[in-house]
Amino acid sequence: MIAVIQRVTAASCVVDGETVGRCGNGLMVLLGVKAGDSEEDGRLLAAKIAKLRIFTDENGKMNLSVNDIGGGALVVSNFTLLANYAHGNRPDYLNAEKPERAKALYLGFASLLREALVSHAVGEGVFGADMHLTIENDGPVTIVMDSEILKG
(Lines give C-alpha, C1' and ligand atoms only; values in the text may rest on other atoms or scores of the structure.)
Protein backbone atom coordinates (compact mmCIF):
# COMPACT_ATOMS: atom_id res chain seq x y z
CA MET A 1 0.00 0.00 0.00
CA ILE A 2 1.07 3.50 -0.69
CA ALA A 3 -0.10 6.34 1.52
CA VAL A 4 0.35 10.04 0.95
CA ILE A 5 0.03 11.66 4.36
CA GLN A 6 -0.51 15.39 4.68
CA ARG A 7 -0.63 17.40 7.87
CA VAL A 8 -3.80 19.49 7.69
CA THR A 9 -5.76 22.04 9.67
CA ALA A 10 -8.90 20.74 7.94
CA ALA A 11 -9.91 18.44 5.09
CA SER A 12 -13.21 17.37 3.59
CA CYS A 13 -14.53 15.08 0.87
CA VAL A 14 -17.63 15.87 -1.18
CA VAL A 15 -19.50 13.38 -3.39
CA ASP A 16 -22.50 14.50 -5.45
CA GLY A 17 -22.66 17.78 -3.55
CA GLU A 18 -22.74 16.10 -0.12
CA THR A 19 -19.90 16.14 2.40
CA VAL A 20 -19.23 12.47 3.14
CA GLY A 21 -16.08 12.76 5.26
CA ARG A 22 -14.05 15.40 7.03
CA CYS A 23 -11.48 16.05 9.69
CA GLY A 24 -10.18 19.04 11.56
CA ASN A 25 -6.61 19.35 12.76
CA GLY A 26 -4.91 16.11 11.81
CA LEU A 27 -4.05 14.06 8.74
CA MET A 28 -5.26 13.70 5.17
CA VAL A 29 -4.40 10.19 3.98
CA LEU A 30 -4.64 9.27 0.30
CA LEU A 31 -4.38 5.47 0.07
CA GLY A 32 -3.46 3.37 -2.95
CA VAL A 33 -3.84 -0.41 -2.69
CA LYS A 34 -1.34 -2.42 -4.74
CA ALA A 35 -2.06 -5.80 -6.30
CA GLY A 36 -1.09 -8.41 -3.72
CA ASP A 37 -1.44 -6.16 -0.67
CA SER A 38 -2.89 -7.71 2.48
CA GLU A 39 -4.43 -6.72 5.80
CA GLU A 40 -0.91 -6.74 7.22
CA ASP A 41 0.03 -3.86 4.89
CA GLY A 42 -2.87 -1.83 6.28
CA ARG A 43 -1.97 -2.75 9.85
CA LEU A 44 1.65 -1.62 9.38
CA LEU A 45 0.63 1.68 7.80
CA ALA A 46 -2.09 2.49 10.34
CA ALA A 47 0.25 1.84 13.28
CA LYS A 48 3.05 3.93 11.79
CA ILE A 49 0.80 6.80 10.72
CA ALA A 50 -0.79 7.07 14.19
CA LYS A 51 2.69 7.42 15.75
CA LEU A 52 4.27 9.60 13.04
CA ARG A 53 5.72 12.66 14.78
CA ILE A 54 5.02 15.47 12.30
CA PHE A 55 3.15 17.99 14.49
CA THR A 56 5.02 20.80 16.19
CA ASP A 57 5.59 20.94 19.92
CA GLU A 58 5.87 24.04 22.11
CA ASN A 59 9.45 24.55 20.85
CA GLY A 60 8.46 24.53 17.18
CA LYS A 61 9.96 21.06 16.58
CA MET A 62 8.10 18.27 14.77
CA ASN A 63 7.87 16.05 17.84
CA LEU A 64 4.18 15.23 18.25
CA SER A 65 1.96 12.60 16.65
CA VAL A 66 -1.66 12.99 15.61
CA ASN A 67 -2.50 11.10 18.81
CA ASP A 68 -0.46 13.55 20.90
CA ILE A 69 -2.54 16.45 19.58
CA GLY A 70 -5.85 14.54 19.76
CA GLY A 71 -6.31 14.98 16.00
CA GLY A 72 -8.27 13.03 13.46
CA ALA A 73 -7.85 11.90 9.87
CA LEU A 74 -9.62 11.79 6.55
CA VAL A 75 -8.86 8.68 4.45
CA VAL A 76 -9.57 8.64 0.72
CA SER A 77 -8.87 5.79 -1.70
CA ASN A 78 -6.65 6.82 -4.60
CA PHE A 79 -5.70 4.12 -7.10
CA THR A 80 -3.79 6.67 -9.20
CA LEU A 81 -0.97 6.48 -6.63
CA LEU A 82 -0.10 3.19 -8.36
CA ALA A 83 0.39 4.83 -11.76
CA ASN A 84 3.05 3.40 -14.03
CA TYR A 85 4.32 6.36 -16.02
CA ALA A 86 7.54 4.81 -17.38
CA HIS A 87 6.29 4.37 -20.96
CA GLY A 88 4.44 7.01 -22.93
CA ASN A 89 2.42 9.85 -21.53
CA ARG A 90 -0.72 8.00 -20.48
CA PRO A 91 -0.12 6.14 -17.22
CA ASP A 92 -1.45 2.66 -16.66
CA TYR A 93 -2.79 1.37 -13.37
CA LEU A 94 -2.04 -2.33 -13.76
CA ASN A 95 -0.27 -2.33 -10.37
CA ALA A 96 -3.48 -1.35 -8.57
CA GLU A 97 -5.48 -4.08 -6.82
CA LYS A 98 -8.78 -5.17 -8.34
CA PRO A 99 -11.63 -2.92 -7.11
CA GLU A 100 -13.52 -5.42 -4.93
CA ARG A 101 -10.43 -6.47 -2.99
CA ALA A 102 -9.03 -2.92 -2.93
CA LYS A 103 -12.26 -1.64 -1.39
CA ALA A 104 -12.13 -4.23 1.39
CA LEU A 105 -8.48 -3.40 2.17
CA TYR A 106 -9.18 0.35 2.05
CA LEU A 107 -12.10 0.02 4.49
CA GLY A 108 -9.99 -2.28 6.67
CA PHE A 109 -7.20 0.30 6.75
CA ALA A 110 -9.63 3.08 7.74
CA SER A 111 -10.96 0.88 10.54
CA LEU A 112 -7.43 0.09 11.77
CA LEU A 113 -6.50 3.77 11.73
CA ARG A 114 -9.69 4.60 13.64
CA GLU A 115 -8.67 2.06 16.32
CA ALA A 116 -5.13 3.50 16.46
CA LEU A 117 -6.25 7.11 16.99
CA VAL A 118 -7.21 8.14 20.50
CA SER A 119 -9.82 10.51 19.08
CA HIS A 120 -11.20 7.70 16.87
CA ALA A 121 -12.14 10.51 14.47
CA VAL A 122 -11.53 9.12 10.98
CA GLY A 123 -13.62 10.34 8.09
CA GLU A 124 -13.70 8.46 4.80
CA GLY A 125 -14.26 9.14 1.16
CA VAL A 126 -16.48 6.89 -0.97
CA PHE A 127 -14.54 4.14 -2.70
CA GLY A 128 -14.74 4.45 -6.49
CA ALA A 129 -16.70 7.71 -6.44
CA ASP A 130 -15.82 10.96 -8.16
CA MET A 131 -14.68 12.88 -5.09
CA HIS A 132 -13.86 16.53 -4.59
CA LEU A 133 -11.39 17.21 -1.78
CA THR A 134 -10.71 20.39 0.11
CA ILE A 135 -7.38 20.18 1.89
CA GLU A 136 -5.96 22.93 4.09
CA ASN A 137 -2.32 21.86 4.26
CA ASP A 138 -0.37 22.78 7.36
CA GLY A 139 3.27 23.46 6.67
CA PRO A 140 2.97 21.93 4.14
CA VAL A 141 4.12 18.62 5.52
CA THR A 142 3.67 15.68 3.15
CA ILE A 143 5.05 12.14 3.65
CA VAL A 144 4.83 9.31 1.13
CA MET A 145 4.78 5.94 2.90
CA ASP A 146 5.03 2.47 1.34
CA SER A 147 4.08 -0.60 3.38
CA GLU A 148 6.81 -2.59 1.57
CA ILE A 149 9.44 -0.40 3.23
CA LEU A 150 7.84 -0.99 6.65
CA LYS A 151 8.15 -4.77 6.14
CA GLY A 152 11.93 -4.41 5.68
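Keep in mind the model is a prediction, meaning the values are calculated, not measured.

A.B. asks: When you look at the nonpolar core in this model, what are you seeing that I'm missing?
C.D. replies: Within soluble globular proteins, side chains that are nonpolar generally end up buried alongside one another. Ranked by internal contacts, the top residues of the largest apolar core, which has 26 residues, are I5, L27, V29, I49, F109 and L113. Mapped onto this core, the elements with two or more residues apiece are β1 (2–15), β3 (26–32), α1 (39–51), β6 (72–77), α2 (99–116) and β8 (132–146). Ranked by residue count, the leading element in this core is α2, at five residues. Those residues in contact with I5, other than ones at most four positions away along the chain, are L27, M28, V29, I49, L52, I54, V141, T142, I143 and M145.

A.B. asks: Hey, could you run me through unusual backbone geometry in this one?
C.D. replies: Most peptide bonds adopt trans geometry, and most residues besides glycine take a negative phi value. For the bond running from G139 to P140, omega is -5°, close enough to zero to count as cis. Mapped onto the elements of the fold, P140 is located in strand β8. With phi around 50°, D16 is a residue other than glycine that occupies positive phi space. For D16, a relative accessible area of 77% puts it in the exposed group.

A.B. asks: I would appreciate a short explanation of the pairing of β1 in the present structure.
C.D. replies: Taken residue by residue, a regular strand's side chains alternate between the two faces of the sheet. Among the 14 residues in β1, 11 count as buried, and that is most of the element. Across seven bridges, the pairing between β1 and β3 is antiparallel. Pairing of Q6 across the sheet is with M28, part of β3. When β1 meets β8, the two strands line up antiparallel, connected through 11 bridges. Paired with A10 across the strands is E136, a residue of β8. The pairing of β1 with strand β2 (residues 18–23) spans five bridges and is classified as antiparallel. Bridging from a neighbouring strand, V15 pairs with E18 of β2. Once β1 ends, the chain turns through two residues before running back antiparallel as β2, passing D16 with a positive phi of about 50°.

A.B. asks: Explain the pattern of salt bridges to me, please; I cannot follow it from the model alone.
C.D. replies: Any two side chains of opposite charge can pair, given that their charged atoms come close. For the structure shown, the criterion picks out seven salt bridges. Measuring nitrogen to oxygen at the nearest pair gives 3.3 Å for the salt bridge that ties D138 to R7. You can see D138 sitting in strand β8 and its partner R7 sitting in strand β1, a full 131 residues away along the chain. Here D138 falls in the partly exposed class, since its relative accessible area comes to 25%. With relative accessibility at 8%, the residue R7 sits in the buried group. One salt bridge in this structure joins E97 and R101, with 2.9 Å as the shortest N-O distance.

Thresholds, definitions, all that
Residues numbered from 1 in each chain as written. Predicted model: local features only at pLDDT ≥ 70, side-chain atom pairs only at ≥ 80, totals over all residues. Heavy atoms only, no water. Core = buried A, V, L, I, M, F, W, Y, C linked by side-chain atoms within 4.5 Å. Buried < 20%, exposed > 50% of the residue type's maximum accessible area, 1.4 Å probe, protein only. Helix = DSSP H or I, 4+ residues; strand = E, 2+ residues; numbered from the N terminus. Contact = heavy atoms within 4.5 Å. Pairing = 2+ DSSP bridges. Salt bridge = Lys/Arg side-chain N within 4 Å of Asp/Glu carboxyl O.

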